[in-house]
Every structure is written in C-alpha cells, then in structure tokens.
Amino acid sequence: MYTKTQEVDSPIKPRVQDETGRLKAVVLGTAVSVGSAPSMDEVYDPSSRAHLLAGTYPKEEDMVVEMEGFQSLLQSYDVQVYRPTVLENCNQIFARDIGFVVEDTFFRSNILPLREKEFEAIENLVAHIPEKQFQVCPEEVHVEGGDVMPWGDYLFIGAYTQKDYPQQITARTNQAAIDFLTEYFPQKEVKAFELIKSATVANQNALHLDCCFQPVGKNKAIICPDGFMQQEDVEWIRSFFGAENIFEVTADEMAGMHCNVFSISPEVVVSEKHFTRLNTWLREQGLTVEEIQYAEISKQGGLLRCSTLPLIRQY
Ligand SMILES: NC(=O)NCCC[C@H](N)C(=O)O
C-alpha cells in the first residue's frame with residue numbers, strides 16, 4: 001500500500017497544466033530504506049558517482065530528515081502529500097520521473113530499467129485514478145517526468161536524440177517520446193530541447209530538463225544555458241520569457257541543482273537554503289521563497305522538483 005499522510009480523495013482526478021498552479025495533491029518520494037551506497041557499476045548519474053568517489057555519499061537518515069521537512073512544508077500549505085510504499089533497499093527519492101501529469105492525464109513513464117521497480121510503490125495510489133485519465137506510455141517511448149513540463153499552451157520536453165542515445169545512461173527521454181506526446185496533444189505546441197549528457201562529469205550533464213530549466217511565477221524562468229546542446233534553444237527561451245524575466249545559472253550551479261526548485265503556487269516557490277544568489281533574485285521578483293535544507297538529496301543529482309510528482313494543481 002502507498003502511505004498516505006492525509007485521507008485520500010477517491011477518485012484522484014489528475015490535473016496539471018503548468019509548473020506553478022496552486023498545488024493540491026502530490027507524491028513526494030521517500031529515502032526510507034534507500035539501501036547502501038551503490039557500487040561504481042551500479043551508479044547512474046555523475047553527481048552520485050562523484051560523491052561515491054569523494055566518500056561523501058549521502059546517508060539515509062540525513063535524507064529522510066530533509067524529506068520530512070519538505071513534507072511538513074507542503075502540508076502547511078494544505079497540500080495532500082502521498083508517499084510511496086517503502087520497497088526494501090530501493091532508491092525511491094525521485095518520484096518525479098516515474099510518471100507525470102499533463103492536463104487531465106497521468107502517464108506512466110518508461111524509465112531507466114535500473115529504476116523500473118520504483119513504479120510498483122505507487123501502483124495502489126494510481127489505482128484511484130479513473131481509467132480514462134490513466135495512460136501507459138508505449139514501450140518504445142522512453143520518457144522520465146523530469147523531462148516533461150506543461151506550460152499552458154506549450155509542452156516543454158527535454159530529450160537526447162543523438163545516435164549514441166543507447167550508450168548514454170543519463171539520456172532518459174528519446175525521439176519516440178517527443179513524437180508520442182506531440183500526437184497525444186495536437187492542440188499543444190510541443191517544444192523539445194536537446195540536452196547535454198555526461199555520465200561522469202556533473203557540470204557537463206543535464207540529467208533532465210528540470211536540471212537546467214524551470215519556469216517560476218507566472219512568466220519567469222531559471223535556466224542554465226550550458227545545459228542545452230543548441231544555442232538556438234537558449235535563445236528561444238530567452239525570447240519566450242523575455243531576458244528581464246530570466247535568471248541564468250552557471251554550469252556548477254546546474255550541477256548543484258539550482259534550477260530544480262518547486263512551485264506550490266505562482267506566488268510561492270520552495271528552494272534550497274544555500275541558493276543565496278537565486279533566492280535573492282526570486283524574492284526581488286516578488287515571490288515568497290520557502291527555504292529548506294535539501295543539500296544531501298542534491299548529491300544524487302536531483303532536488304526539489306525531482307522528488308515530487310504533482311497530481312493535482314488548481315486553476
Ligand atoms: N528529474 C530529475 O532530475 N530526477 C533526478 C534523478 C536522479 C537519479 N540519480 C537518476 O539518475 O535517475
């Protein structure tokens with residue numbers, strides 16, 4: 001069974017149209033029983049790899065505390081927070097990637113095979129979603145929720161479509177995913193961005209789109225230009241949001257997950273407490289910034305957005 005921290009509203013009717021609408025229900029991953037540190041053969045992102053090598057790989061108890069803090073904050077905003085069933089010795093921190101909601105449909109992702117098991121832990125929860133609002137992505141469609149961002153009439157997708165896709169362990173969303181979502185949402189303008197990939201160097205890798213780009217508020221965004229393979233995509237984002245509405249982060253800040261904040265509403269954003277430069281800018285834009293401690297989680301190549309899977313936002 002999934003763990004619910006509040007009563008489940010059944011049925012759960014998914015609805016997410018953008019990145020910042022007022023959050024009502026969310027799955028927050030869990031670090032409980034995350035298992036021992038992976039071996040160098042098992043590791044699947046460059047940040048975890050670097051921390052394994054440096055002997056600074058995060059401890060379960062520290063990550064559990066950070067995630068509890070996030071849960072309490074979300075609940076203080078009256079958000080219904082669901083946690084996955086705890087699977088023994090399984091890393092279930094990054095709930096974002098295992099599924100995603102666009103408009104009124106929950107999609108089950110086809111994620112990195114090494115992470116496949118994670119979906120089991122929310123099966124009983126998604127069973128509350130009406131069948132007509134639940135969609136399993138076809139087998140050839142490789143997609144993780146970190147690469148999918150609805151933004152009103154637009155659907156932003158992070159992808160990697162180069163020939164060496166099968167060899168890139170940090171490439172999780174392919175051309176078939178772009179084609180599938182384009183066909184599924186004919187009324188949306190699908191904008192796909194090619195991301196840079198590296199299995200070994202964290203500041204040369206944009207694991208997902210949400211590691212190098214994140215809209216905030218009503219019309220603003222955080223980007224790391226270095227995360228994009230094509231300069232014209234960066235230019236497109238600059239002109240779409242307007243240069244004055246964009247905060248740019250460095251490649252090192254991208255590796256530290258500065259783009260991976262999470263919005264509770266167009267007015268309130270959750271950020272990491274060490275992101276001083278970013279948090280100052282967010283406040284200057286008139287946003288309320290809820291700062292929490294999440295630095296241990298960042299060592300695994302994900303942060304606040306990555307550990308959440310929004311089910312319902314209100315419009
Ligand atoms: N959306 C995200 O960027 N999720 C972070 C996933 C990190 C995890 N270590 C992975 O490589 O899959």
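Residues numbered from 1 in each chain as written. Predicted model: local features only at pLDDT ≥ 70, side-chain atom pairs only at ≥ 80, totals over all residues. Heavy atoms only, no water.

Some remarks on the pattern of salt bridges
- Throughout the structure, instances matching the rule amount to 15 salt bridges.
- Across the pair E235 and R238 runs a salt bridge, and its minimum N-O distance is 2.9 Å. You can see E235 and its partner R238 sitting in helix α5 (residues 231-241), three residues apart, about one turn around the helix.
- Residue class for E235 comes out partly exposed when judged on its relative accessible area of 38%.
- Here the residues in one salt-bridge network are D97, R115, E118, E144 and R172, joined through shared partners. (Salt bridge = Lys/Arg side-chain N within 4 Å of Asp/Glu carboxyl O. Helix = DSSP H or I, 4+ residues; strand = E, 2+ residues; numbered from the N terminus. Buried < 20%, exposed > 50% of the residue type's maximum accessible area, 1.4 Å probe, protein only.)

A short note on the state of the cysteines
- Scanning the model with the defined rule gives zero disulfides in all.
- Of the cysteine sulfurs around C90, a residue in no disulfide, the closest is that of C306, at 16 Å.
- Free cysteine: C137, not disulfide-bonded; nearest cysteine sulfur from C306 at 18 Å.
- Look at C137 and you get buried, because its relative accessible area is 3%. (Disulfide = S-S within 2.5 Å.)

Some words on the packing of aromatic side chains
- Per the counting criterion, the structure on display carries 25 aromatic pairs.
- Each ring, one from F180 and one from Y184, has its centre 5.7 Å from the other, and the planes form 55°; the classification is tilted. In this pair, F180 and Y184 both sit in helix α4 (residues 175-184), four residues apart, roughly one turn of the helix.
- Taking relative accessible area as the criterion, F180 reaches 15% and is therefore assigned buried.
- Of the aromatic side chains, those joined through ring pairs into one cluster are W151, Y154, F156, F193, F213, F228, W236, F240 and F241. (Phe/Tyr/Trp six-rings, centres within 6.5 Å; stacked < 30°, edge-to-face > 60°.)

Things to note about the sheet that holds strand β14 (residues 268-272)
- Read from one edge of the open sheet, three strands run β13-β14-β15, paired in mixed fashion. The open sheet has two free edges, formed respectively by β13 (262-263) and β15 (288-292), since each of these has just one partner strand.
- Contacting β13, β14 and β15, helix α2 (residues 60-76) runs over the sheet at an angle of about 150° to β15.
- The sheet strands contacting helix α7 (residues 276-284) are β14 and β15, and the helix crosses β15 at an angle near 155°. (Pairing = 2+ DSSP bridges. Contact = heavy atoms within 4.5 Å. Axes fitted to C-alpha atoms, helices over the stretch in contact; angles between N-to-C directions.)

Considering unusual backbone geometry
- Even without glycine at this site, S33 takes up a positive phi of about 55°.
- With respect to the secondary-structure elements, S33 resides in the loop between β2 (22-28) and α1 (46-54).
- Overall, S33 belongs to the buried group, its relative accessible area being 16%.
- Phi is positive for D78, which is not a glycine, with a value near 65°.

Some points on the environment of D45
- Mapped onto the fold, D45 is located in the loop between β2 and α1.
- Overall, D45 belongs to the buried group, its relative accessible area being 5%.
- The sequence separation of D45 and A202 amounts to 157 residues, and the corresponding C-alpha distance is 7.9 Å.
- If we ignore the near neighbours within four places in the chain, the residues touching D45 are T170, A199, L207, Q300 and G301.
- Within the structure, the side chain of D45 is placed 2.5 Å from the side chain of S48, a separation counted as a polar contact. (Polar contact = N/O pair within 3.5 Å; in protein donor to acceptor, adjacent residues only side chain to side chain.)

Structural notes on α1
- Listed in full, the buried residues belonging to α1 are P46, S47, S48 and L52.
- Next to the buried residues of α1 lie α6 (251-255) and α8 (295-298).
- Positive phi appears at G55, one or two residues downstream of α1, with a value of about 75°.

Section: the site of the ligand
- Neighbouring the ligand are 15 residues, the closest being R115, R172, H208, Q300 and C306.
- Contact between the ligand and D97: a nitrogen atom at 2.9 Å from a side-chain N or O atom of the residue.
- The fraction of the free accessible surface of the ligand (350 Å²) that becomes covered by protein chains is 99%.
- Under a 2 Å grid-point criterion requiring more than half of the atoms, the pocket assigned to the ligand is the largest pocket.
- The class makeup of the residues in the shell around the ligand is five nonpolar, five polar and five charged. (Near = heavy atom within 4 Å. Areas by Shrake-Rupley, 256 points an atom, 1.4 Å probe, with all protein chains shown as cover. 1 Å grid on protein atoms, 1.4 Å probe; cavity = no way out; pocket = protein on both sides within 12 Å on 5 of 7 lines; lining within 4 Å. Sits in = over half its atoms within 2 Å of the grid points. Nonpolar A, V, L, I, M, F, W, Y, C, P; charged D, E, K, R; others polar.)

Notes on the sheet that holds strand β11 (residues 220-223)
- Spatial strand order, β10-β11-β12: three strands in an open sheet with mixed pairing. Two strands in the sheet have a free side with no partner beyond their single neighbour: β10 (213-216) and β12 (246-248). Within the sheet, the average angular offset between the axes of one strand and its neighbour, ignoring direction, is 15°.
- Bridge analysis of β11 against β12 gives three bridges, and the strand direction is parallel. Residue pairing across strands places I222 opposite F247, the latter belonging to β12.

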